[in-house]
Amino acid sequence: MSAINASASSQGQKRKREEKDVNSKKVQSDKPPASIYKNLQLAEKPVYKNLQIAESLKAQSKTKKARIDRFQKTENPKFKNLQIAESQKTAPQKARDDAVQKDESQKQDFRNNRQHNPLAAKQNRLLQVRQSLPIWPQATNIRNALLENHVLILAGETGSGKSTQVPQFLHTSAWCTGRVAVTQPRRVAAVSLARRVAEEMGTPLGKSPQSLVGYNVRFDDNVGKNNRIKFLTEGMLLQEMLRDPALAEYSCVVVDEVHERSVNVDLLLGFLRGLVTGTGEAAKKRKGKPLKVVVMSATADTEKLKDFFSEGFGQPPTVDSIPTVNDGEPVLDKEETSVEKSQESSVLSSNKISTCFVEGRMYPVQTEYLSEPTRDFSEAALLQIFQIHRKEPMPGDILVFLTGGDVITNLQQAIEDMIPNVITKDSGLPKLLVLPLYAALSQAQQQAIFSPAPPNTRKVILATNIAETSITVPGVRFVVDSGKAKIKQFRNRLGLDSLLVKDISKSSAIQRQGRAGREAAGKCFRLYTKSNFETLEKDTVPEILRCDLSSAVLTMKARGVNDVMDFPLLTRPSREAMERALLQLLQLDALNPEDGNISDLGRKIARLPLTPAHGRTIIAAADPEMGCLLPVIDIVACFNSENIFVEVKDQDANDEAREARNKLSCRQGDHLTLLSAVQAYASERTDRKQWAKQHLVSHRSMQNVMDVRKQLRAQCQQAKLLTKEELANADDDNLATVSESTGNNILKCFLRGFPTNVARLVPDGSYRTIHGHMAVAIHPSSVLYGRKLEAILYNEFVYTNRTYARSVSAIQMNWLEEIYSGSS
DNA sequence: GAGCACTGC
């Protein structure tokens, strides 16, 4: 692991932020190395863990040895891991053998060329580990499947090795003249997988001419011209499609973690279906070069994916392939019909689509339920934790899934209060160490879960959903599942987000349960009844049904999809939601009013890594009449980072710091307050970390703000919204205090991006939105909290206990007319 | 006088 961290460190230093160089000595020593990727251990993919698992398995008992053997005995029909579509057996065997042979000789060349490579030793060591992965025996089958078919749908459970091995199986295939792209939903996963695969292939990672593997994530492009395999985030590949809708540089796209169903992956599958079936406009630009698509998912929802691609190849969807939401059919019947259908459609889609299933490598997890439902899951969790601690042997840490930071803090307190009563000298029980884990914690606090517990101590990790996908907590053998999560939902009619505690889905419960069986057999305690579990929805509602669609629709329009209602999506949002998004884009001038196609302005907005509303704000600010692009970028960068202002807890904040923070605040509202904070931070040239501490500002989110600001400035320059001279003159040292007229212009630009986020004071002293006349209160975190103003503009409208406007500024009603009479 | 699950360009 230390070697990994060391190389991460050099990468991180190479890419050190420009802004940080000013005080680099200090920053480098304070900050853990490898800036943003230092949390590589947090990577979702337990690639390093697989290695440890495989090795420890070998060293262990015969029964476990037998497990490995079983994984390898795939010829045994009992362990038929792979079901390649029947059709391929009819294809000419010889052509296939030739191609395989060619692939093999190419592979041999790679090996020979690398004989004296110092990385080769490591490569050889890793080969042994790779060969023990459940997916390894399927290499030939997988390669053959894509030789003849265009699409492979691969369901591989955790630990199968699919993410690291499939790209390596494919890149030497004869048809693979271009690159293999592998998409991931998260940045850390893309980077750590790339690093691992480079090691396995015995080449350096990234830009070196010898390197065969690279990665590209936001703020970090590490792709070399000889790379054969490129790991990237889903968003990055979509961004590449703006420049090249045909994805001509690739022969194959591997889409990983499809079951997570991010909006981006849904869009990506739609575009890829067009390319692979040749039905999309962009497909013509590939000039006959085929594109192969591998869709990888942890769950066996292969039928839905198969239907989706079959439909693209011109197969009429069978009646039962139309996605239905819980039609009340008994589960058994459903399975039977889907088996019949799969046999039928594998004929229909001959030579097009293969499906495949690979076993995972997991230990058994025993699941227990409450006998009676509980009203308070925190209390139930408290009891459960101590019961586990009393009854279950060591070692074995406990991972508890909860809803949010406040619940976690309270439960932590409750456990610690209880400890002296339970863990007495007479009890002979081991100690308990309680560790919170949620995204808002600092990196250092999150890292605490990776340090081994002190002797004779059991760790209890109280986590949010972050531990379900993003972070793999080591050492866990017991999972306690509250059955709840905070889920964000966008309400079309009201145009607002709500974040509410809801029941999780079955698949989410299963995912949580699986976290107990990664290193050894484990137990999962569900804080609800068995019958309650049965009533849960099968899957979590895909994000595309839960979010504001304006970004997604603009993404489609910018890539040439004019009829967005007709765009192929795995799950179709309501017509109402789509229409709302189209209307919003029209209001932002991102679409032509005549035909609804994307406008020039819309194209500019689509290139920016922002919501359409923030993109429109940027464009408005670049208008010479407004002339406030740089300050607007600073503010927008803040809205794209976590809260830069650290929570002020009444006791621990000293008066001095509070006063320093108050000096940053601006009477016009939160927008200009953010600006003054960014400018003050940026002009600090000696010790920014210290400055942040003194002003109760989060250094971590400020660093992110500076990254986003740098990126936005560069993109604005590229889009000719900003000249080189203007950028050169943007000197943070010569801070001109923002004049009132500049301040007003800044707010007018935000008004252009958020024309409906306005509320005015009504006679009873409350605020009502100008659209919909809904009651709204200024959020207590605002500098304008409690103030009565003619009208307010807000960045966000959220529902929690009541409806709140967050990030609020004072505006004048006559600005609204001004904006609509003016040109931009 | 409230409270922000988690990603991403």
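Presented here is a report on the structure given in the accompanying data block. (Residues numbered from 1 in each chain as written. Chains lettered and ligands numbered in written order. Predicted model: local features only at pLDDT ≥ 70, side-chain atom pairs only at ≥ 80, totals over all residues. Heavy atoms only, no water.)

**Focus: the overall build of chain A**
Part 1 of the reasoning: A tally of helices and strands in chain A yields 32 helices and 21 strands.
Part 2 of the reasoning: In chain A, buried positions account for 54% of the 824 residues.
Part 3 of the reasoning: A separation threshold of at least 6 residues defines the contact pool for chain A, and within that pool the share at least 24 residues apart is 74%.
Part 4 of the reasoning: Counting only carbon and sulfur atoms, one obtains 50% of the accessible surface of chain A, whose full area is about 37,600 Å². (Helix = DSSP H or I, 4+ residues; strand = E, 2+ residues; numbered from the N terminus. Buried < 20%, exposed > 50% of the residue type's maximum accessible area, 1.4 Å probe, protein only. Contact = heavy atoms within 4.5 Å. Areas by Shrake-Rupley, 256 points an atom, 1.4 Å probe, with all protein chains shown as cover.)

**Quick look at helix H27 (residues 670-683)**
Part 1 of the reasoning: Spanning 14 residues, H27 covers 20 Å between terminal C-alpha atoms, matching the ideal 20 Å at 1.5 Å per step.
Part 2 of the reasoning: With respect to burial, H27 is a largely interior element, twelve of its 14 residues being buried. (Expected span 1.5 Å × (residues − 1).)

**Quick word on the pattern of salt bridges**
Part 1 of the reasoning: Counting across every chain of the model gives 23 salt bridges.
Part 2 of the reasoning: Ionic pairing is found between arginine 512 and aspartate 481, a salt bridge with its closest N-O pair at 2.6 Å. Within this pair, whereas arginine 512 is found in helix H19 (residues 506-514), its partner aspartate 481 is found in strand S13 (residues 476-481), the two being separated by 31 residues in sequence.
Part 3 of the reasoning: A residue is classified by how much of its surface remains accessible, and aspartate 481, at 0% relative accessible area, is buried.
Part 4 of the reasoning: Glutamate 579 is the salt-bridge partner of arginine 575, the closest N and O atoms lying 3.1 Å from each other. Highlighted residues: arginine 575 and glutamate 579, both in helix H22 (residues 575-587), separated by four residues, approximately one helical turn.
Part 5 of the reasoning: Here the residues in one salt-bridge network are Arg179, Lys230, Glu240 and Glu249, joined through shared partners. (Salt bridge = Lys/Arg side-chain N within 4 Å of Asp/Glu carboxyl O.)

**A look at the sheet that holds strand S4 (residues 220-222)**
One key point about sheets: their strands pair by backbone hydrogen bonds, in either a parallel or an antiparallel sense.
Part 1 of the reasoning: In space, the eight strands of this open sheet follow the order S4-S3-S5-S2-S6-S7-S1-S8, with mixed pairing throughout. Taken across any chain shown, the strands that pair with only one partner, and hence form the sheet edges, are S4 and strand S8 (353-358). Within the sheet, the average angular offset between the axes of one strand and its neighbour, ignoring direction, is 20°.
Part 2 of the reasoning: Pairing of strand S2 (residues 179-184) with strand S6 (residues 250-255) involves five bridges; the strand directions are parallel. Its bridge partner lying in S6, valine 180 is registered against cysteine 252.
Part 3 of the reasoning: Along the sheet face, helix H11 (residues 234-243) touches S2, strand S3 (213-217), strand S5 (229-233) and S6 and points at about 105° away from the line of S5.
Part 4 of the reasoning: Those strands touched by helix H13 (residues 302-312) are strand S1 (151-156), strand S7 (292-297) and S8, and its axis lies near 170° from that of S1. (Pairing = 2+ DSSP bridges. Axes fitted to C-alpha atoms, helices over the stretch in contact; angles between N-to-C directions.)

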